[in-house]
Amino acid sequence: MQDISKSLKISKNSKISKGILERLPSPCWVLEEHLLIRNLEILGHIKEQTGAKILLALKGYSLWKSFDIVSPYLDGCCASGLHEAMLSHETFGKETHSYSPAFTAQNIEQIASISHHLVFNSPAQLDSLISLAKKANPTISIGLRVNPELSLSPVDMYDPCGIYSRLGIISTNIDTLILENIEGLHFHALCEQDSSALELVLESFEDKFGEYLSEMKWVNFGGGHHITRDGYDIEKLIKIISDFKARYPHLDIYLEPGEAIGWETGVLVSTVLDIVHNGIDIAILDTSAEAHMPDTIIMPYRAEVRGASEANQKPHTYRLAGNTCLAGDIMGDYSFDEPLNIGDKVIFEDQMHYTMVKATTFNGIPLPSIAMLRKNGEIAMFREFGYEEFKGRLS
Ligand SMILES: *Cc1c(COP(=O)(O)O)cnc(C)c1O
């Protein structure tokens, strides 16, 4: 049996013990309430120090059964379309800011009726939909997404300002007539980045769009701020926002991180179903990289496993693999102090953001259950999934 208490740095604050593991179904995502609160307190501190408003980006974290914990700390959610806007409206109960690369005439009124801010991606969208939106919600604040034209994201897939990006309008396409209809500008340019990256983006944003800011009521700095990561320069973020506020005291400032809310707040617990041998030892788990941790394949990145190291650093190395028939459904090669056995638990760290929101029932594999470990040590079982989720999304 693995001794999970020999854990890595990343899990130093986890309260998931052997006893708790025994009470959980498998596979299961487990949110740890005290870790979520820790992140929220950091975000609350930034709000307090700067007066900026912070929204949760639902794209990265939509675990709505935890929103009674999240919403007291934050100002609302940012939604990318009707369904996320509805989730924000129904479950978060604060501001809803909706932006989509393209809205449709069919649902713009419904989105507008439950949104506080509506951000368009292009002048054409704004022109064709603004009157419908304002009819549905006369007090809605309209904004435009702009592209600050500075690429800092290390990976093209996550660079909203890369070459030919469809996201946000570039400065040379700004038509000053549009500006009469809007109250705010929105940019989103970062991905898992420190405040020094925001500083550079903001410089470029002001350089390209600063002349319009006197006419605006708000600016949204988007997401991608890795605020709750160890080592993120929070003081610098506070200074950047405060300096910006000093330059433009009439503007409300919004940040909309997703990942930073769920960062290192929980795990995916899985179980070894079989161990096969073909040149190496391969543990087949009851979860799936493809279906449950797709960013390990798409991004790609290597998920940390509690108590494990890189291959061959500890005495017993295994390839960890998923239980679908996709050959490439592989989490990676990991080494352990003790041999793995059938029935052992394997815990993937930091599996709260961009996991549940992306998971599928590919190959008929059941979705992991969702649970929360409360501060007081109780387990709240939020959801267990079955055949219906597989059947229900097909016909
Ligand atoms: C993805 C996204 C976010 C959240 O990004 P994180 O990296 O999760 O902080 C915020 N705003 C927009 C417009 C996005 O597309």
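Residues numbered from 1 in each chain as written. Predicted model: local features only at pLDDT ≥ 70, side-chain atom pairs only at ≥ 80, totals over all residues. Heavy atoms only, no water.

*Asks:* Just checking my understanding: could you explain the packing of aromatic side chains for this structure?
*Replies:* Two numbers describe a pair of aromatic rings. These are the distance of the centres and the angle of the planes. Across all of its chains, the model carries nine aromatic pairs by this definition. Here the aromatic rings of phenylalanine 244 and tyrosine 248 are separated by 4.8 Å at their centres, their planes lie at 45 degrees, and the arrangement is tilted. By the burial criterion, phenylalanine 244 is buried, and tyrosine 248 matches it. Members of the aromatic cluster, joined through ring pairs, are Phe187, Phe205, Phe209, Phe221, Phe244 and Tyr248. Looking at arginine 302, its charged tip hangs above the ring of tyrosine 334, at a distance of 3.9 Å from the centre. (Phe/Tyr/Trp six-rings, centres within 6.5 Å; stacked < 30°, edge-to-face > 60°. Buried < 20%, exposed > 50% of the residue type's maximum accessible area, 1.4 Å probe, protein only. Lys NZ or Arg CZ within 6 Å of the ring centre and 35° of its normal.)

*Asks:* In this structure, what is going on with the site of the ligand? I would like to understand it.
*Replies:* Ala57, Lys59, Arg145, His186, His188, Gly223, Gly224, Glu256, Pro257, Gly258, Glu259 and Tyr354 make up every residue found near the ligand. Take glycine 224: an N or O atom from its main chain is 2.8 Å from an oxygen atom of the ligand. Between the ligand and glutamate 256, the relevant distance is 2.7 Å, taken from a nitrogen atom to a side-chain nitrogen or oxygen of the residue. Burial of the ligand by the protein chains amounts to 90% of its free accessible area of 380 Å². (Near = heavy atom within 4 Å. Polar contact = N/O pair within 3.5 Å; in protein donor to acceptor, adjacent residues only side chain to side chain. Areas by Shrake-Rupley, 256 points an atom, 1.4 Å probe, with all protein chains shown as cover.)

*Asks:* Looking at this model, I keep getting lost on the side chain of aspartate 159. Mind explaining?
*Replies:* In this fold, aspartate 159 is placed in the loop between β6 (141–145) and α7 (176–179). With no salt bridge to any partner, buried aspartate 159 finds its closest opposite charge in arginine 145, at an N-O distance of 8.5 Å. (Helix = DSSP H or I, 4+ residues; strand = E, 2+ residues; numbered from the N terminus. Lys, Arg positive; Asp, Glu negative; His and termini not counted. Salt bridge = Lys/Arg side-chain N within 4 Å of Asp/Glu carboxyl O.)

*Asks:* Hey, could you run me through the layout of surface pockets in this one?
*Replies:* If a probe as big as a water molecule is rolled over the atoms, it shows which places are left empty. In this structure, the second largest pocket occupies an estimated 490 Å³ of space. There are two domains that each give the lining of the second largest pocket at least three residues, and those are domain 1 (4–32 + 266–392) and domain 2 (51–262). (1 Å grid on protein atoms, 1.4 Å probe; cavity = no way out; pocket = protein on both sides within 12 Å on 5 of 7 lines; lining within 4 Å. Points joined across faces, edges and corners; volume = space filled by probe spheres on them. Domains from an automatic or database assignment.)

*Asks:* Help me understand the confidence of the model for the protein chain, please; the structure alone is not making it clear to me.
*Replies:* Any region with low pLDDT has predicted coordinates that should not be read closely. In the predicted model, the protein chain carries a mean pLDDT of 96, and 97% of its residues have values of at least 70. Between residues 1–9, whose pLDDT stays under 50, and residues either more than four places distant or in other chains, the model counts 25 contacts. (pLDDT = per-residue confidence, 0-100. Contact = heavy atoms within 4.5 Å.)

*Asks:* Help me understand the packing of helix α2 (residues 33–50) against helix α9 (residues 234–247), please; the structure alone is not making it clear to me.
*Replies:* Two numbers describe a pair of packed helices, the interaxial angle and the distance between the axes. Viewed as axis vectors pointing N to C, α2 and α9 meet at an angle of 30 degrees, and their least axial separation amounts to 9 Å. The pairing of α2 with α9 is recorded here as roughly parallel in orientation. As for the relative orientation of α2 and α9, their crossing is right-handed in sense. Here α2 contributes Ile42, His45, Ile46, Gln49 and Thr50 to the contact with α9, which in turn contributes Ile234, Glu235, Leu237, Ile238, Ile241, Ser242 and Lys245. Among the residues making up the contact of α2 with α9, the classes are represented as six nonpolar, four polar and two charged. (Axes fitted to C-alpha atoms, helices over the stretch in contact; angles between N-to-C directions. Parallel < 35°, antiparallel > 145°, perpendicular 65-115°, else oblique. Left-handed = near helix turned anticlockwise from the far one by under 90°. Nonpolar A, V, L, I, M, F, W, Y, C, P; charged D, E, K, R; others polar.)

*Asks:* What am I meant to see in the environment of threonine 287 here?
*Replies:* Relative to the assigned elements, threonine 287 resides in the loop between β11 (281–285) and α11 (289–292). Judged by its relative accessible area of 0%, threonine 287 is buried. Distance from threonine 287 to leucine 268, taken between C-alpha atoms, is 8.8 Å for residues 19 residues apart in sequence. Not counting residues within four places of it along the chain, the set of residues in contact with threonine 287 comprises Pro27, Leu268, Ser270, His292, Gly322, Asn323, Met331, Phe348 and Ile365.

*Asks:* Even after reading the chapter, I still don't get the state of the cysteines, so can you show me in this structure?
*Replies:* Chemically, a disulfide is nothing more than a covalent bond linking the sulfur atoms of two cysteines. Under the criterion given, the structure shown has zero disulfides. The thiol of cysteine 161 is unpaired, and the distance to the nearest cysteine sulfur, on cysteine 191, comes to 12 Å. Looking at cysteine 161, the relative accessible area reads 8%, which means it is buried. (Disulfide = S-S within 2.5 Å.)

*Asks:* Got a minute to help me understand the domain arrangement of the protein chain in this structure?
*Replies:* It is common to give the size of an interface as the accessible area that goes away when the parts come together. When the domains of the protein chain are assigned, the result is domain 1 (4–32 + 266–392) and domain 2 (51–262). Its C-alpha centre places domain 1 at a distance of 33 Å from the equivalent point of domain 2. Every contact between the two is made by 16 residues of domain 1 and, on the other side, 16 residues of domain 2. In this structure, the connection of domain 1 to domain 2 is made through zero salt bridges. Counting every contact that joins domain 1 to domain 2 gives two residue pairs in polar contact (both at pLDDT 80 or more). Secondary structure elements with two or more residues in the side of domain 1 that touches domain 2: α12 (295–298) and β16 (369–373). Of the residues assigned to the side of domain 1 that touches domain 2, the class counts are ten nonpolar, one polar and five charged.

*Asks:* Even after reading the chapter, I still don't get the pairing of strand β3 (residues 76–79), so can you show me in this structure?
*Replies:* Every other side chain in a regular strand lies on the same face of the sheet, so the side chains alternate between the two faces. The alternating pattern of β3 places Gly76 and Cys78 on one face and Cys77 and Ala79 on the opposite face, and all of these are buried. Viewed along the sheet, the connection from β3 through helix α4 (residues 82–92) into strand β4 (residues 95–99) turns out right-handed. (Right-handed = clockwise from strand over helix to strand, strands pointing away.)

*Asks:* What is the right way to look at α9 in this model?
*Replies:* Note: α-helices contain 3.6 residues per turn, so residues at a spacing of three or four share the same orientation. Counted at 1.5 Å a residue, the expected span for α9 with its 14 residues is 20 Å, and the 20 Å between its end C-alpha atoms agrees. Listed in full, the buried residues belonging to α9 are Ile234, Leu237, Ile238, Ile240, Ile241 and Phe244. Angular distribution of buried residues about the axis of α9 spans 160 degrees; they occupy a single face of the element. Turned more than 90 degrees from where α9 packs its buried face, Glu235, Lys239 and Ala246 sit exposed. Taken together, the buried residues of α9 touch α2, α8 (195–209), β8 (218–220) and β9 (252–255). A side-chain oxygen of the first residue of α9 lies 3.5 Å from the backbone nitrogen of glutamate 235; this N-cap is aspartate 233. (Expected span 1.5 Å × (residues − 1). Arc of directions from axis to C-beta.)

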